[in-house]
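Structural description and commentary
Each chain is listed here by its residues.
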Amino acid sequence: MILCSLKDNIFPITEEVCLKQTLNRSSLAVKMVSSKFFRTLSLPLNLASVIFIELLAFIAGLVKVLVMGLLEVLGQDVISPLSAVLFRIVCEPVIRFLHSLSVGIRAVLQLFQALITAFVEHIALIIQAFRLVEINRFDLPQQPVDI
């Protein structure tokens, strides 16, 4: 008994034609059912993926706030006191030493400056005296010299 039916029976119905038709219809039915199934399944999966992505964004925001707070606390309560202690232990003695050294060098150089200034003033007086003599010698009217 052949349960296959064609609308326009131009060809004689054989078992092979009937199997092909049944195969085509069954594959079409499977495609339609699987399409409806996966469309129905895609809605909850899309919703779950959106919720998961939003949850990850929320957790990332929380982690960001926590890390920034931790860095701020570390900066205020750990790094600032450590840098102050480091400055007092290392930098302050070096700065005091350099300041004392520069004050000592300035005092010695001021003494040398006073000595050099006094010496140069004496030399300037001597040079001015020679110039006065020279100027006075040439400024005098020439008197005839008898030989």
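Residue numbers run consecutively from 1 along every chain, following the written order of its sequence. Since the coordinates come from a predicted model, pLDDT governs what is reported: local features require at least 70, and pairs of side-chain atoms require 80 or more to be given and counted, while whole-chain, interface and lining totals use all residues. In computing side-chain values, all of the structure's heavy atoms are included and hydrogens and water are not.

**Some thoughts on the overall build of the protein**
Working definition: helices are DSSP H or I runs of at least four residues, strands are E runs of at least two. Numbering for both runs from the N terminus. In terms of helices and strands, the protein carries one helix and zero strands. Each residue gets one of three labels from its accessible area relative to the maximum for its type: buried under 20%, exposed over 50%, partly exposed in between, using a 1.4 Å probe on protein chains only. When each of the 147 residues of the protein is scored for burial, the buried share is 2%. Using a 1.4 Å probe, the Shrake-Rupley method yields the accessible areas, and only the shown protein chains count as cover for residues. Total accessible area computed for the protein in this model is approximately 14000 Å², and 73% of it derives from carbon and sulfur atoms.

**Points about the pattern of salt bridges**
Side chains that differ in sign of charge can pair as their charged atoms come close. The salt bridge criterion pairs a side-chain nitrogen of Lys or Arg with a carboxyl oxygen of Asp or Glu, the two atoms within 4 Å. Taken as a whole, this structure holds one salt bridge when the rule is applied. A salt bridge links Arg96 to Glu92; the nearest nitrogen and oxygen atoms lie 3.1 Å apart. With Arg96 and Glu92 both in helix 1 (residues 15-139), this residue pair falls four residues apart, about one helical turn.

**Points about the packing of aromatic side chains**
Any pair of Phe, Tyr and Trp rings, taking the six-membered ring for Trp, is counted once the centres come within 6.5 Å. Such a pair is stacked with planes under 30 degrees apart, edge-to-face with planes over 60 apart, and tilted for the rest. Applying the stated criterion across every chain, the model contains one aromatic pair. Judged by centre distance (5.2 Å) and plane angle (70°), the ring pair of Phe37 and Phe38 falls under edge-to-face. According to the relative accessible area criterion, Phe37 is partly exposed, its value standing at 48%.

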